[in-house]
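Listed below are the residues making up each chain.
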Amino acid sequence: MKEMVQTLEKPQTKLMTGSEAVATAAKLSRPQVIAAYPITPQTEIVETLSGMVTRGELNAEYINVESEHSAMGAVIGASLAGTRTFTATSSHGLLYMGELVWWAGLTRIPVVMPVVNRSLNPWNIWPDHQDAMTFRDAGWIQFYAKNNQEVLDLTICAFKIAEHHKIWMPVMVCLDGFILSHTTAQVEIPSQSDVDNFLPSFKPLAMLDPDDPFAHGSLTDSEGIWEQRMSLIAGFDNARVIIPQILTEYTEKIGRLGNYMVEVTGDIDNAECAIVALGTMGEEAEQAIEFLAEKNIKAVVFRPRVFRPFPKKELISLIKQVPRLLVIDRAVSFGNAGQLAIEIQAELYASKVDVKFYQIIRGLGGKDVSYADIAAEVEKVLKEDK
Amino acid sequence: MNVKIPEMMDRPEVLLRGNFACAGCGLSIAYKTAISALNRPIVVIPACCSSVIQSLHPNVTYNVPTLNIAFAAHASAASGIARAKKMRGEDTTTVVWSGDGGTFDIGLATWSGAAERNENIIHFCYDNNFYSNTGAQRSGATPRGAVTTTTPGGKKEKRKSIVRIMAAHDIPYIATASIGYPRDLYTKVKKASLIEGYRFILIDAPCPTGWNSDPALTPELGELAVKTGYFPLYEIEKGKLTFSRRGERYRDPEKRVPIEEYLSKQSRFKKMTSTQILEVKKDIQHEWDQLSLFE
Amino acid sequence: MNEEIELKDPVLPLGRPTLGSAGETGDWRTFRPKFIEENCIKCYKCWLSCPEGTIRVDAHGEFPYIDYDYCKGCGICVHVCPGRKKQKALEMVPE
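Residues numbered from 1 in each chain as written. Chains lettered and ligands numbered in written order. Predicted model: local features only at pLDDT ≥ 70, side-chain atom pairs only at ≥ 80, totals over all residues.

## Let's talk about the overall build of chain B
Here is step 1 of the chain: The helix and strand tally for chain B stands at 12 helices and 11 strands.
Here is step 2 of the chain: Computed over the C-alpha atoms, the radius of gyration of chain B is 18 Å, within 12% of the 19 Å expected from 2.2 N^0.38 for a compact globule of 295 residues.
Here is step 3 of the chain: Reported as C-alpha extents along the three principal axes, the dimensions of chain B are approximately 60 × 40 × 40 Å.
Here is step 4 of the chain: Evaluated residue by residue, chain B yields a buried proportion of 62% over its 295 residues.
Here is step 5 of the chain: In chain B, the share of contacts with a sequence separation of at least 24, taken over all contacts with a separation of at least 6, comes to 69%. (Helix = DSSP H or I, 4+ residues; strand = E, 2+ residues; numbered from the N terminus. Rg over C-alpha atoms; globule rule 2.2 N^0.38 Å. Buried ≥ 20, exposed ≤ 12 C-beta atoms within 10 Å, placed from the backbone. Contact = placed C-beta atoms within 7 Å.)

What follows is the structure, encoded as structure tokens:
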């Protein structure tokens, strides 16, 4: 199975799991230092990459660290020492890494990290977004992919976005555990030369160098912290502009992806209700609208594939065109509601948009959410709002 | 043989004057002696007094590239740097500069992982026996009887033997050194710099602020720790221990300066009972006996 | 996206090596070390043990001198000075 990710001279189409799509994308992006710690359901990513390094298919240093905390520590060090870096984790691994996830976000470390979304304790290995949502405030760009193809494409783009000198911040590519990580699907793989043409080698903005010494992240007073935080806010504003440009470039040079921040599926002009969901639940919603169409109910799906920066303008311009909105979250901010719902509501108020708003939480701990379930929820909305 | 002072005089100025270190700071002596002995060092500093004395952003007292990192991430960040510089083909020396809190306690897992992987790093632990930058709380390195802000009645337990834990990793070079003997420290660092792999140097670095001692006595307390047998000086190369010339004679308890002389110069030990002093003497002998097994 | 916004460069958390990064720490002193040249044997132990690097030596064979702008007055130099015939080459005097 592993030999499918040999260097490709030409684009190819293969059947692969989401984990293999991540590993293939990482390999094509030529990271120089990889540090990772295994956790279900991310393990196949690190096993595949360490195999590639061992066999000499990928010229990188692979650090078998003793924890996720150390994985992020190692990539922070390696990034500042002037190399392209990669790691991946999931669930409790992400939480254990947490201190350094924030460190990387707040001190601007352009690392790329797929997060294979998995529920938190009690022990449960199935998917929800509670892990990644916990870090939505940590100064990371966050993508949520809907299928293995998007996992591969976004992971390659993530390096270019992270390393853009006007962005220069870490990127998380979230993919639902098992639903994507362990499920085989058809994936178009770009050739190495196409990726090289899209993604130039790593050009550090600042590098630990004895010939030009600096201290990174030293003791800083409120003025300095303020300046750095304002810069991070501005960095996300830059990212809003630059991400679609990079997605456009990828689509032109390699194909498929499209430059949208929010994917729209269905007939928005006649839709009675719009469904908003992230990741594979967004894709499931796409199935749901076909199912609803058979019952002569018109619905549309808005799937944000970028959650940070939050695509407020794009979402609002879409929501303005529909009468009802159903937001489905796969995580909760306990004591309030689902994070996606909270953020959309805030934006609806700010933009004075009048829409019937409905929110539900589904799929926690990997509880199955089928297209039929989603369709039923839409029908319920329509029944309530007659 | 230790280097002569003239041989040290062309060393680079790694610690610039006018920083936040307290007057008579032991770690400053340790830092400038150790880091100046290295070729193109890149230094990783976790939370510790060294992250405070560097002064306020954007000014920094360290004249070498420095990465500040979270408490328990020093050796992992250094692993990343060492591997990255190897990938880039750059000739640098990757250094962990951690206090005893970061080495003995919270950062134990990160260095153990790096040591087990035999990463190409020199790990210095400047040991001032407690959490100094947060104001003198107990650490695993705090000796029995010492008053800290979290052991106001004096610590009940003996201090952890970090070197014996480190030695269990069978890394290529381990040494202990003291700011009381800067030439010995400098010589050991030079020696370590010629070896590949994970190297560890524990440096006794008295802290006048936390130990309630006269700042002028900082080097003398370093010397006394050696002369009382409290802080033995030695090297462990490929698993074999050799006591340093400066310290070997104190193997014989008869030749040791009475520990009371060391303890009485620091107010942190003023609550010690005679029973505790006897226990400290036993602790000292126990450590020497254990170390002798590595010879 | 056709918006024309000014894309600002990131502010990275970088500090640069600076002499006197904490100001002129010589202000901290209540006592100052005073050098007595005739007692100096040029052993440079004061230079070796000065935590701050404020005992300066231009070249081997030269007398040391003190940078009072930054000397914090800890007294280590005086304590480690062996002097000539037990007469120390450094002494602490009140500011």
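## Some thoughts on the overall build of chain A
Here is step 1 of the chain: Tallying secondary structure elements over chain A gives 13 helices and 15 strands in all.
Here is step 2 of the chain: At 21 Å, chain A has a C-alpha radius of gyration in line with the 21 Å of a compact globule built from 386 residues.
Here is step 3 of the chain: Seen through its C-alpha atoms, chain A measures out along the principal axes to roughly 70 × 55 × 45 Å.
Here is step 4 of the chain: Burial statistics for chain A: of 386 residues in total, 54% are counted as buried.

## Some thoughts on the nonpolar core
Here is step 1 of the chain: Residues Ala274(A), Ile275(A), Val44(B) and Ile203(B) are the most contacted members of the largest nonpolar core, which totals 232 residues.
Here is step 2 of the chain: Residue assignment places this core across two domains, with domain 1 (2–253) and domain 2 (263–384) of chain A each supplying three or more.
Here is step 3 of the chain: In this view, Ile275(A) contacts Ala285(A), Ala288(A), Ala299(A), Val301(A), Leu326(A), Ile328(A), Ile374(A) and Val378(A); residues no more than four positions away in its chain are not counted. (Core = buried A, V, L, I, M, F, W, Y, C linked by C-beta atoms within 7 Å. Domains from an automatic or database assignment.)

## Digging into the sheet that holds strand 3 (residues 66–68) of chain B
Here is step 1 of the chain: Sheet architecture is open: 11 strands sit in the order 2(B)-1(C)-9(A)-3(B)-1(B)-4(B)-5(B)-9(B)-8(B)-10(B)-11(B), paired in mixed fashion. Every interior strand has two partners, whereas the edge strands, strand 2 (59–60) and strand 11 (240–243) of chain B, have only one.
Here is step 2 of the chain: Here six bridges tie strand 5 (residues 122–127) of chain B to strand 9 (residues 199–204) of chain B, and the two strands are oriented parallel to one another. Looking at strand 9 of chain B, one finds that Tyr126(B) is bridged to Ile203(B). (Pairing = 2+ DSSP bridges.)

## Describing the pairing of strand 15 (residues 356–361) of chain A
Regular strands show a simple pattern: their side chains alternate between the two faces of the sheet.
Residue and element names in this part refer to chain A.
Here is step 1 of the chain: Where strand 14 (residues 324–329) lies against strand 15, six bridges are found, and the strand directions are parallel. Counterpart to isoleucine 328 in the pairing with strand 15 is isoleucine 360.
Here is step 2 of the chain: Each parallel crossover has a hand, and for strand 14 linked through helix 12 (residues 339–350) to strand 15 it is right-handed. (Right-handed = clockwise from strand over helix to strand, strands pointing away.)

## Some words on the confidence of the model for chain A
Reading fine detail from the predicted coordinates is not recommended where pLDDT is low.
Here is step 1 of the chain: This prediction gives chain A a mean pLDDT of 96; 98% of its residues lie at or above 70.
Here is step 2 of the chain: Segment residues 1–5 of chain A is flagged for pLDDT under 50; beyond a separation of four residues in sequence, or across chains, it makes 10 contacts in the model. (pLDDT = per-residue confidence, 0-100.)

## Details of the interface of chain A and chain C
Note: interface size is frequently given as the accessible area lost on complex formation between the parts.
Here is step 1 of the chain: Contacts between the two partners involve 22 residues from chain A and, on the opposite side, 14 residues from chain C.
Here is step 2 of the chain: Mapped by element, the contributors of at least two residues to the side of chain A that touches chain C are strand 9 (215–216) and helix 9 (222–253) of chain A.
Here is step 3 of the chain: Top contributing element to the side of chain A that touches chain C by residue count: helix 9 of chain A, with nine residues.
Here is step 4 of the chain: Across the side of chain A that touches chain C, the residue classes tally to nine nonpolar, nine polar and four charged.
Here is step 5 of the chain: Here strand 9 of chain A pairs with strand 1 (residues 14–17) of chain C via two bridges, running antiparallel. Paired with His216(A) across the bridge in strand 1 of chain C is Leu14(C). (Nonpolar A, V, L, I, M, F, W, Y, C, P; charged D, E, K, R; others polar.)

## Overview of the domain arrangement of chain A
Residue and element names in this part refer to chain A.
Here is step 1 of the chain: Domain boundaries assigned for chain A yield domain 1 (2–253) and domain 2 (263–384).
Here is step 2 of the chain: Its C-alpha centre places domain 1 at a distance of 27 Å from the equivalent point of domain 2.
Here is step 3 of the chain: Domain 1 puts 25 residues into the contact, and the matching count from domain 2 is 18 residues.
Here is step 4 of the chain: Those elements that place two or more of their residues in the side of domain 1 that touches domain 2 are helix 6 (130–133), strand 6 (141–144), strand 7 (171–176) and helix 9.
Here is step 5 of the chain: Within the side of domain 1 that touches domain 2, the residues separate by chemical class into 14 nonpolar, six polar and five charged.

## Comments concerning the sheet that holds strand 12 (residues 299–304) of chain A
Residue and element names in this part refer to chain A.
Here is step 1 of the chain: One open sheet accounts for five strands, arranged 10-12-11-14-15; its pairing is mixed. Two strands in the sheet have a free side with no partner beyond their single neighbour: strand 10 (262–266) and strand 15. Averaged over all neighbouring strand pairs, the angle between strand axes comes to 20°, with direction disregarded.
Here is step 2 of the chain: Note that strand 11 (residues 273–276) and strand 12 share four bridges and pair parallel. The partner of isoleucine 275 across the bridge, within strand 12, is valine 301.
Here is step 3 of the chain: Those strands touched by helix 12 are strand 11, strand 14 and strand 15, and its axis lies near 145° from that of strand 14. (Axes fitted to C-alpha atoms, helices over the stretch in contact; angles between N-to-C directions.)

## What about the interface of chain B and chain A?
Here is step 1 of the chain: Contacts between the two partners involve 40 residues from chain B, matched on the other side by 37 residues from chain A.
Here is step 2 of the chain: Looking at the side of chain B that touches chain A, the element that brings in the most residues is helix 4 (residues 74–88) of chain B, giving 12 residues.
Here is step 3 of the chain: With two bridges connecting them, strand 9 of chain A and strand 3 of chain B associate as parallel partners. Across the sheet, His216(A) pairs through a bridge with Leu67(B), a residue of strand 3 of chain B.

## A few points about the environment of Ile277(B)
Residues and elements named next belong to chain B.
Here is step 1 of the chain: As for its position among the elements, isoleucine 277 is in helix 12 (residues 274–292).
Here is step 2 of the chain: When the 17 C-beta atoms within 10 Å are taken as the criterion, isoleucine 277 is described as partly exposed.
Here is step 3 of the chain: Isoleucine 277 sits 238 residues away from asparagine 39 along the chain, and the two C-alpha atoms are 43 Å apart.
Here is step 4 of the chain: Isoleucine 277 has contacts with Ile259, Glu260 and Met272, leaving out every residue within four places of it along the chain.

## Considering helix 10 (residues 279–294) of chain A
Residues and elements named next belong to chain A.
Here is step 1 of the chain: An ideal rise of 1.5 Å per residue puts 22 Å on 16 residues; helix 10 measures up with 24 Å between its terminal C-alpha atoms.
Here is step 2 of the chain: Taken together, the buried positions of helix 10 are Gly279, Thr280, Met281, Gly282, Glu283, Glu284, Ala285, Glu286, Ala288, Ile289 and Leu292.
Here is step 3 of the chain: Among the residues trailing helix 10, asparagine 296 stands out with phi positive, at a value near 65°. (Expected span 1.5 Å × (residues − 1).)

## Remarks on unusual backbone geometry
Note: most peptide bonds trans; most residues except glycine with negative phi.
Here is step 1 of the chain: Thr40(A) connects to Pro41(A) through a cis peptide bond whose omega is 5°.
Here is step 2 of the chain: A cis geometry characterises the amide bond from His57(B) onward to Pro58(B), with omega recorded as 5°.
Here is step 3 of the chain: Within the secondary structure, Pro58(B) is located in the loop between helix 3 (49–53) and strand 2.
Here is step 4 of the chain: The phi dihedral of Lys42(C) is positive, around 55°, even though this residue is not glycine.
Here is step 5 of the chain: Along the chain, the position of Lys42(C) falls in the loop between strand 2 (31–35) and helix 1 (45–49).

## Quick word on the packing of helix 4 of chain B against helix 6 (residues 108–116) of chain B
All names here are of chain B.
Here is step 1 of the chain: Where helix 4 contacts helix 6, the axes come no closer than 7 Å and their chain directions differ by 35°. Between helix 4, through His74, Ala75, Ser76, Ala78 and Ser79, and helix 6, the contact on the second element is made entirely by Thr110, Trp111 and Ala114.
Here is step 2 of the chain: When the residues that make up the contact of helix 4 with helix 6 are grouped by side-chain class, the tally is four nonpolar, four polar and no charged.

## As for the packing of helix 7 (residues 148–162) of chain A against helix 9 of chain A
All names here are of chain A.
Here is step 1 of the chain: Remark: helix 7 packs on helix 9, axes separated minimally by 10 Å, with the N-to-C direction vectors making an angle of 130°. When the axis of helix 7 is compared with that of helix 9, the two are oblique. Considering the relative orientation of helix 7 and helix 9, their crossing is right-handed. Contacts from Asp153, Cys157, Lys160 and Ile161 in helix 7 reach Ala239, Ile243, Ile246, Leu247 and Tyr250 in helix 9.
Here is step 2 of the chain: Residue composition of the contact of helix 7 with helix 9, grouped by class: seven nonpolar, no polar and two charged. (Parallel < 35°, antiparallel > 145°, perpendicular 65-115°, else oblique. Left-handed = near helix turned anticlockwise from the far one by under 90°.)

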